Amino acid sequence: MNLSRRLFLEGLVSVGATRLFAAAPGAFLGPGAKLRFGVVSDIHVRTALGADALPLYGPNYDTETFIAALRYFDRRGADAVMVTGDLADNGIDEQLRAVGAAWDKVFPGDRAADGRTVTKLIVGGNHDWEGWKYGKMGEKRFPDEAERKAHIIAEDYPRHWEEAFHEKFQEVFVKDVKGYRFIGAHWPYHKKAASVIASATKGMDRSRPFFYAQHPHLKDTAYGSWAWGHDNGAAGAALAKFPNAVAFSGHSHYSLTDERSVWQGDFIAVGAGSLRYTGKIGGYENSGPMRNSGFKQMEALPTRDCRQGLFVSVYDDRIVLERREFMTGTSLGDDWVIPLAGGERPYDFKRRAAAAKAPAFAADAAPKLSEETDGKNRGGKKCRQVTLAFPPALPSSPEHGRAFAYEIRVLQTQGDFTDLPILTKRVIPKGFNFGEADPRAREPVTCVFNAAELPHECPLKFEVTALECFGRRSKPIVTPHLKLKGVVVKW
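Criteria and cut-off values
Residues numbered from 1 in each chain as written. Predicted model: local features only at pLDDT ≥ 70, side-chain atom pairs only at ≥ 80, totals over all residues. Heavy atoms only, no water. Buried < 20%, exposed > 50% of the residue type's maximum accessible area, 1.4 Å probe, protein only. Helix = DSSP H or I, 4+ residues; strand = E, 2+ residues; numbered from the N terminus. Pairing = 2+ DSSP bridges. Axes fitted to C-alpha atoms, helices over the stretch in contact; angles between N-to-C directions. Contact = heavy atoms within 4.5 Å. Core = buried A, V, L, I, M, F, W, Y, C linked by side-chain atoms within 4.5 Å. Salt bridge = Lys/Arg side-chain N within 4 Å of Asp/Glu carboxyl O.

Participant: Requested: an account of the pairing of strand β12 (residues 318–325), with residues and values cited.
Facilitator: For β12, a buried count of seven out of eight residues is recorded, marking the element as mostly surrounded by other parts of the structure. What sits between strand β11 (residues 308–314) and β12 in their antiparallel hairpin is a turn of three residues. Where β12 meets strand β14 (residues 335–339), four bridges bridge the pair, whose relative direction is antiparallel. Among the inter-strand pairings, Val320 is bridged to a residue of β14, identified as Val337. Bridge count for β12 against strand β13 (residues 330–331) is two bridges, and the pairing is antiparallel. Residue pairing in the sheet places Glu325 in a bridge with Thr330 of β13. Counting the residues in the hairpin turn of β12 and β13 gives four residues, including Gly329, whose phi is positive at 65 degrees.

This is how it looks when you write it as structure tokens:
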């Protein structure tokens, strides 16, 4: 599919009328790609090499998903693979060597099976730098301090890096792949990457795309100003001169099903998800971690069964970002298609929020409240609970967006007021981090309440609203007025 610029932009407009500049997976792929590369982040390997693997680190933190991702990238003809940090979960050399061995298994000598060169574009993260401190894992593995220092990556980053990856360690590297420039900054050296970016781009055509990698998100870009894990803004200021510069980052583990993963302002920024587990935004009833949250009734949603990454195809007139889940081998949603010419900025957050479509429930969807039962809150304390269950909002379509979360309001009627909101909670649905075709995304959604939070002596209504990731709200579905049958709480 060799698209002319006119046809390409017409196609984007036709798609973008309802889904912005996203397109069905594969719709804007075809011959003529100048560059292809895979992107993963936060692989968090805890195992050592082969027979030396240690039970201390656990079998679920091995390199198998990383190897699967590399093999997928190989089949797609990748010219390079980018990893945006947190390779060795505990910052120990044997874990880094395990990552390097996984690379060598798929790309020995940095070569694919067909002989093409596959370039490493790998940067370290905070876990590589200081993960040995977290949970005192370094002390547990190596009680002797002298021996421990010999194995801590940060004690001799160049030596450990070169042993694992057979390349010279550079705090901030510059590499060229098929005529495209890549700049990568290891943690904590991303803090001084701006000068290298300026030097490496001196005299560069402002419209030419190039790529940057670091572990933390660039300040006020992907996900927005609220997101956990942003840097101090220095790298973004250096990239701001180049509208087609693309920065990849990780750290937060936020899901690639969140449309806020791709941001477009003075440059382009993309969150790369996580190849180990999905991070959950704080504040939801079933998100985590939640400190001082013994009053929370719901366990944090399990997300270690989802491992995400991207495949990037660069053309003369566009960049196509494909979202992938590597345990099921499925797409996470429409491809993001970024035009490289004409001044279009389709992934500007204000533009996307204005054009976003509200989710919708089926016409017969209705929430149902359980009887009051004995239960336990997240802290393990026994309490009386009621559970509200409801069907998920409809799958997204040209008419409405995907539900990313749900808001539940409890409305009280008593005395001289009617339907007074007295309690609001938000929950994330199971399967939020998978494509909509995944069965998990179609399961009923629940929200659990401590019965002591709710008045028993007056009628209540429970109202459920579906929210897409930019905040568009569905029409709510509501229970009839109910009166709880449990013990009346004396206030």
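Participant: How would you explain the sheet that holds strand β9 (residues 262–264) if you had to name every residue and give the values?
Facilitator: What the six strands build is an open sheet, ordered β5-β6-β7-β8-β10-β9; its pairing is mixed. This sheet does not close on itself; its edge strands, each paired only once, are β5 (172–177) and β9. The mean angle between the axes of side-by-side strands here comes to 20 degrees, regardless of whether they run parallel or antiparallel. Here strand β8 (residues 245–249) runs beside strand β10 (residues 268–271); their pairing, made up of four bridges, is parallel. What sits directly across from Val246, in β10, is Ile268. Packed onto the sheet, helix α8 (residues 193–200) meets β5, β6 (180–185) and β7 (210–213) and runs at close to 165 degrees relative to β6.

Participant: Describe the nonpolar core, listing the residues and the values that go with them.
Facilitator: Counting residues in each nonpolar core, the largest one holds 54 residues, and the members touching the most others are Val40, Phe66, Phe73, Leu87, Tyr212 and Leu239. If we ignore the near neighbours within four places in the chain, the residues touching Phe73 are Gly38, Val39, Val40, Ala78, Val81, Arg116, Leu310, Phe311 and Phe326. Phe248, Val262, Val314 and Trp336 belong to the second largest nonpolar core, which has 31 residues in total.

Participant: Tell me about unusual backbone geometry, and name the residues and values.
Facilitator: Of note, the amide linkage connecting Trp187 to Pro188 takes the cis form, showing an omega dihedral of 0 degrees. Here Pro188 is to be found in the loop between β6 and α8. A positive phi is found at Asp42, a non-glycine position, where the angle reads about 50 degrees. If you trace the backbone, Asp42 turns up in the loop between β2 (35–40) and α2 (64–75). Although it is not a glycine, Asp220 sits at a positive phi angle of roughly 60 degrees. Summarising the element assignment, Asp220 is placed in the loop between β7 and α9 (234–239). Residue class for Asp220 comes out partly exposed when judged on its relative accessible area of 37%.

Participant: So what about the pattern of salt bridges? Which residues, and what values?
Facilitator: If you walk through the whole model with that rule in mind, you get 31 salt bridges. Put simply, Glu322 and Arg76 hold a salt bridge, and the shortest N to O gap is 2.7 Å. One end of the pair, Glu322, is in strand β12; the other, Arg76, is in the loop between α2 and β3 (80–84), with 246 residues separating them in the sequence. Taking relative accessible area as the criterion, Glu322 reaches 12% and is therefore assigned buried. In this structure, Arg384 engages Asp374 in a salt bridge whose closest nitrogen and oxygen atoms are separated by 3.0 Å. Highlighted residues: Arg384 in strand β17 (residues 382–390) and Asp374 in strand β16 (residues 373–376), separated in sequence by 10 residues. Residue classification places Arg384 among the partly exposed positions, given a relative accessible area of 35%. Relative accessible area serves as the criterion here: at 66%, Asp374 is assigned to the exposed category. Within this structure, Glu285, Lys296, Lys425 and Glu453 form a network of salt bridges that share partners.

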